[in-house]
Amino acid sequence: MQLSSMSIFKFAAFTGSLLAVIGLWIACNRLPSLQNDGLPDKISYNFHVRPILSDKCFSCHGPDKNQLKAGLRLDNAESAYAPLKETKGAFAIVPGEPENSELIKRITSQIPDYQMPTPESHLEPLNEREVKILERWIDQGAVYEKHWAFLPPVKAELPHIKDKTWVKNEIDYFSLAKMTEKGLKPNDAAGKEHLLKRVAIDLTGLLPTESELDDFLADDSENVYEKAVDRLLSLSQYGEKMALYWLDIARFSDSYGYQDDNIRSQWPYRDWVIHAFNSNMPYDQFVRWQLSGDMLPNASKAQILATAFLRNHKYTEEGGVIPEEYRVEYALDKVKTYSKGMLALTVECAQCHDHKYDPISQKDYYQLFGFFNTSKEAGFEGDVNASKPAKKPVLTLTDSEVKNILNFINKRDTGAVMVSVMGELDTPRTTYILNRGAYDKPGELVKPAALTAVLPFDTIQYPRNRLGLAQWTVSKDNPLTARVFVNQMWQEFFGAGLVKTTGDFGMQGNLPTHPELLDWLAVDFMEHHWDIKRLIKQILMSATYRQSAEIKEHHLDLDPDNMYLARSPRLRFKAEFIRDMVLATSELLVKEIGGPSVKPYQPKGLWEGATSGRGVLKTYEQDKESDLYRRGMYTFIKLTLPPPSMIVFDASNRDQCEVKRSRTNTPLQAFIMMNDPTVLEASRVLAQHIQSENKPTEEKLAGVFRRIICRRASEKEMGILKEYYEEQLQMFKAKKLDALRTLAVGDSPINRSLNLNETAALMKVVNTIYNMEEAITKS
């Protein structure tokens, strides 16, 4: 309730009481006073208090038993409310009484021997706002909360929005409410050309064609954007784009890693992932098959193939290794991949000791390890001089099976292909806690069980095997699985998740910027049967997604990192999509789906300089013809030396599970765009296409600009391009530059029927456009 000053004085005149004025003013303005000091009405331990304690106090009074001082832990209520051991009669926290709480006394003290944090800690004292938050929290009862990510998500009511003109769907209620809270306003919608480019890259990893742009611009119907989204979701390239993100999580590669780093044949798993996304397999089924497909009743070959997810780790073929050491190493990798990729937890921190921050003990870790410790997989297999393309247990796929049952697999030859998959021992292996994480230091015996802090593992409901783990993982009572996947999808489209630390939903991870939105989407996702395409369309149809990427001054002042979504982010294409863009715009791209990996152009001597001298991968044998022009996701990944041009653009090296790629800007990236044979060949081939058209030069330049940038060039841009073309043409004509030498790049033929000088000049212009930042940026 709020009353104006005039209303209060009218009331006072009516009652004739000054006390009434004072009392009514206090009563009516108490809540606004809480808001006016910049603090929330209700202080949350998770969202307001814990970040302060973690930053300033937990180094001495947190969960790390080895660093604990004075026997006081401020991360749990029992210890914080208890009498202090070293200050008799005092309590760190007295709920409802900040003035009697030793915590408040010490953080506000100026006496060096008494204040906290101590001067010796070199931590900054708490600022005024932080002190007020702790005081208000204690005044409100000092209520501790279970970690936010371990609480079940709740589908909150949509925030109240006064003006709903901007809103397109439920997502926008939450994002607009947060913008308003932070003093921000949303951007206008992106122009149609920019929007189609953005959504095409986000759904297929490929640019829209000129004809698709024309159709989109010419369509004035109200649902023109929705039709475009539906069309893109239906394309086979959608599955390829989505698979790329998942293959980072699954650490998919084409070699075993370690010293010899020989070839492996896991590529049918990649084909399965593409097929799963294209067929819109529900996410809960997608998870169940990959964790336990081999254990499902009457498991099909497709279900068993899905378990290759757990076998994509590195595998040693070096002589003299201790098999048990590496068998344990492979199981440890499975634990990390599962917990990071599907639960967004840093469980591996508990391999050697209890987790320093999250409620995961070393016993919890090895109980989880137990699910993966019963595989038939060996630590070392076979002769070091005779590498095999798959390690036991193996799924063998015959030509007949692929043609008649698994027709989504792009198998080119008639021989059988082998894939490393999962298989259980007839008698489960006993699991022990490994002291200090050492394979040969078994301690207490444990049985397989999931993480109790997340959700108790009901052994009546779930069997103690991978099938039970999979069921536990996709239970609607599990507070993490849906949240984590929704966050990963959000990151795919906005560059950062609602939880910025995509692989860490634990205590040290970032808090969600929009917790209610994250929970709403997670619950809604489960309610609609884990439908991935529906979730993606929901995100893309929002006004939040459709905003322009224009950066205004108040954006930089209030939200430089765009955490509160008042504009679309400017994001560079993923490394593989930069290659795809260059090949597609030049019409070199071969849009074949799936199949074995290929070896495009690569600088000479790289593999040869990083090899043990054994195996078939000691030398790089470049592919020919159509295999030179496949999409980037099919490029052969050798773990000890991943594709260099893509690594420069921050592609995953697939050495381990990766949920978020780094994003760098380096001179080497410009070097690649100006000198890589693929880019130069594409520039030449596109120049040949344009040059063969019977059009004026200016129209040719305008056409190539639009094809690559997906918008029409401005008058100024056209002037620069035309001037550069004329300058280069004169240099070629004057023999200051050699046209034939410039054009002689790549395996595709040179069209000698065209004027070579004009083609070479046009090639230089095309390469310049490829080197524009906008050419490789989706917004």
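The structure displayed is predicted, hence computed values, not measured ones.

> Before we go on, may I ask you to explain the packing of aromatic side chains in this structure?
Where two aromatic rings form a pair, the distance of their centres and the angle of their planes describe that pair. Under the defined criterion, the tally for this structure stands at 34 aromatic pairs. Ring plane angle 40° and centroid distance 5.4 Å describe the contact between Trp 148 and Phe 505, whose orientation is recorded as tilted. Residue Trp 148 is located in the loop between helix 7 (128-139) and helix 8 (170-181), and its partner Phe 505 is located in the loop between helix 20 (481-494) and helix 21 (515-527); the two are separated by 357 residues in the primary sequence. Its relative accessible area of 6% is what places Trp 148 among the buried residues. Three or more aromatic residues link up through ring pairs in this structure, and these residues are Tyr 245, Trp 246, Tyr 269, Trp 272, Phe 277, Tyr 283, Phe 286, Trp 289, Phe 309, Phe 485, Phe 525 and Trp 530.

> What exactly am I supposed to notice about the side chain of Lys 197 here?
By the element assignment, Lys 197 lies in helix 9 (residues 192-204). The buried charged residue Lys 197 lacks any salt bridge partner; its closest oppositely charged side chain belongs to Glu 774, at an N-O distance of 5.1 Å. A polar side-chain atom of Lys 197 sits 3.0 Å from the main-chain carbonyl oxygen of Thr 777. The contact partners of Lys 197, leaving out residues within four places of it in the chain, are Leu 207, Pro 208, Phe 573, Ile 709, Cys 710, Glu 774, Ala 775, Thr 777 and Lys 778.

> I keep staring at unusual backbone geometry and nothing clicks. Help me out?
Leaving glycine out, the prevailing phi sign among residues is negative, and the prevailing peptide bond configuration is trans. Each neighbour pair has its own omega, and for Met 116 with Pro 117 the value is -10°, a cis peptide bond. Following Lys 392, the chain continues into Pro 393 via a peptide bond in cis, with omega recorded as -5°. We note that Ala 344 has phi near 55°; this positive angle belongs to a residue other than glycine. Here Glu 587, not a glycine, exhibits a phi torsion of approximately 65°, which is positive. Of note, Glu 587 is situated in the loop between helix 25 (575-585) and helix 26 (644-648).

> Before we go on, may I ask you to explain helix 32 (residues 756-770) in this structure?
A turn of α-helix holds 3.6 residues, and therefore any two residues three or four places apart point the same way. Its 15 residues give helix 32 an end-to-end C-alpha distance of 21 Å, which sits within 8% of 21 Å, the value for a rise of 1.5 Å per residue. All buried positions along helix 32 are accounted for by Asn 757, Thr 759, Ala 760, Ala 761, Leu 762, Met 763, Val 765, Val 766, Asn 767, Ile 769 and Tyr 770. At its buried positions, helix 32 is contacted by helix 25, helix 27 (667-675), helix 28 (677-691), helix 29 (697-709), helix 30 (715-733) and helix 31 (739-743). Backbone nitrogen of Asn 757 and a side-chain oxygen of the N-cap are separated by 3.0 Å at the start of helix 32; the cap is Asn 755.

> Even after reading the chapter, I still don't get the layout of surface pockets, so can you show me in this structure?
Each pocket or cavity is described by its volume, and for the largest pocket that value is around 1200 Å³. Around the largest pocket, the lining is made up of 36 residues, and of these His 48, Lys 178, Glu 181, Lys 182 and Thr 513 lie nearest the centre. At the level of elements, helix 3 (45-56), helix 7, helix 8 and helix 21 are the ones that each hand at least two residues to the lining of the largest pocket.

> Looking at this structure, I do not really get empty space enclosed by the protein. What am I missing?
Unfilled space is identified by rolling a water-sized probe across the atoms. One pass over the full model with this rule turns up four cavities of 30 Å³ or more. The computed volume of the largest cavity comes to approximately 440 Å³. Sorting the residues of the lining of the largest cavity by element identifies helix 9, helix 12 (236-249), helix 20 and helix 25 as the ones contributing at least two each. Top element by residues in the lining of the largest cavity is helix 12. It accounts for four residues.

> I'm lost on the environment of Leu 737 in this one. Help?
Looking at the secondary structure, you find Leu 737 in the loop between helix 30 and helix 31. Overall, the relative accessible area of 25% leaves Leu 737 in the partly exposed class. Residues Leu 737 and Ala 760 lie 23 residues apart in sequence; the distance between their C-alpha atoms is 9.4 Å.

> So what exactly am I meant to see when it comes to helix 19 (residues 466-473) here?
Burial of helix 19 is extensive: seven of the eight residues sit out of reach of the surface. Looking at the packing, one finds that the buried side of helix 19 touches helix 14 (283-292), helix 16 (323-342), helix 17 (362-372) and helix 20. The distance from a side-chain oxygen at the start of helix 19 to the backbone nitrogen of Leu 467 is 3.0 Å, and the residue carrying that oxygen is Asn 465.

> What's the story with the pattern of salt bridges in this structure? I'm lost.
Oppositely charged side chains are able to pair whenever their charged atoms sit close together. Using the criterion set out here, one finds 51 salt bridges in the structure. Close ionic contact of Lys 56 with Asp 55 constitutes a salt bridge, the shortest N to O distance being 3.9 Å. Its salt-bridge partner being Arg 711, residue Glu 774 comes within 2.7 Å of it at the nearest N-O pair. With Glu 774 in the segment after helix 32 and Arg 711 in the loop between helix 29 and helix 30, this residue pair connects regions lying 63 residues apart in the sequence. Take Glu 774: its relative accessible area is 24%, and that puts it in the partly exposed class.

> Teacher, can you tell me more about the packing of helix 27 against helix 28 here?
The relative placement of two packed helices is expressed as an angle between their axes plus a distance between the axes. For the pair helix 27 and helix 28, the least separation of the axes is 5 Å and the interaxial angle reads 40°. Taken together, the axis directions place helix 27 and helix 28 in an arrangement best described as oblique. Note on element contacts: helix 28 touches helix 27 through Pro 677, Val 679 and Leu 680, opposite Ile 672, Met 673, Met 674 and Asn 675. Of the residues in the contact of helix 27 with helix 28, the class split is six nonpolar, one polar and no charged.

> Help me understand the state of the cysteines, please; the structure alone is not making it clear to me.
As enumerated under the stated definition, the model contains zero disulfides in all. Cys 57 forms no disulfide, and the closest cysteine sulfur to it belongs to Cys 60, at a distance of 8.9 Å. Lacking any disulfide linkage, Cys 352 is separated from the closest cysteine sulfur, that of Cys 349, by 9.7 Å. With a relative accessible area of 36%, Cys 352 lands in the partly exposed category.

> Please explain the side chain of Lys 334 as it appears in this structure.
Following the sequence through the fold, Lys 334 ends up in helix 16. Once residues lying within four places of it in the same chain are set aside, the contact partners of Lys 334 are Leu 310, Arg 311, His 313, Phe 372, Glu 377 and Met 422.

Here is what the cut-offs are and how they apply
- Residues numbered from 1 in each chain as written.
- Predicted model: local features only at pLDDT ≥ 70, side-chain atom pairs only at ≥ 80, totals over all residues.
- Heavy atoms only, no water.
- Phe/Tyr/Trp six-rings, centres within 6.5 Å; stacked < 30°, edge-to-face > 60°.
- Helix = DSSP H or I, 4+ residues; strand = E, 2+ residues; numbered from the N terminus.
- Buried < 20%, exposed > 50% of the residue type's maximum accessible area, 1.4 Å probe, protein only.
- Lys, Arg positive; Asp, Glu negative; His and termini not counted.
- Salt bridge = Lys/Arg side-chain N within 4 Å of Asp/Glu carboxyl O.
- Polar contact = N/O pair within 3.5 Å; in protein donor to acceptor, adjacent residues only side chain to side chain.
- Contact = heavy atoms within 4.5 Å.
- Expected span 1.5 Å × (residues − 1).
- 1 Å grid on protein atoms, 1.4 Å probe; cavity = no way out; pocket = protein on both sides within 12 Å on 5 of 7 lines; lining within 4 Å.
- Points joined across faces, edges and corners; volume = space filled by probe spheres on them.
- Axes fitted to C-alpha atoms, helices over the stretch in contact; angles between N-to-C directions.
- Parallel < 35°, antiparallel > 145°, perpendicular 65-115°, else oblique.
- Nonpolar A, V, L, I, M, F, W, Y, C, P; charged D, E, K, R; others polar.
- Disulfide = S-S within 2.5 Å.

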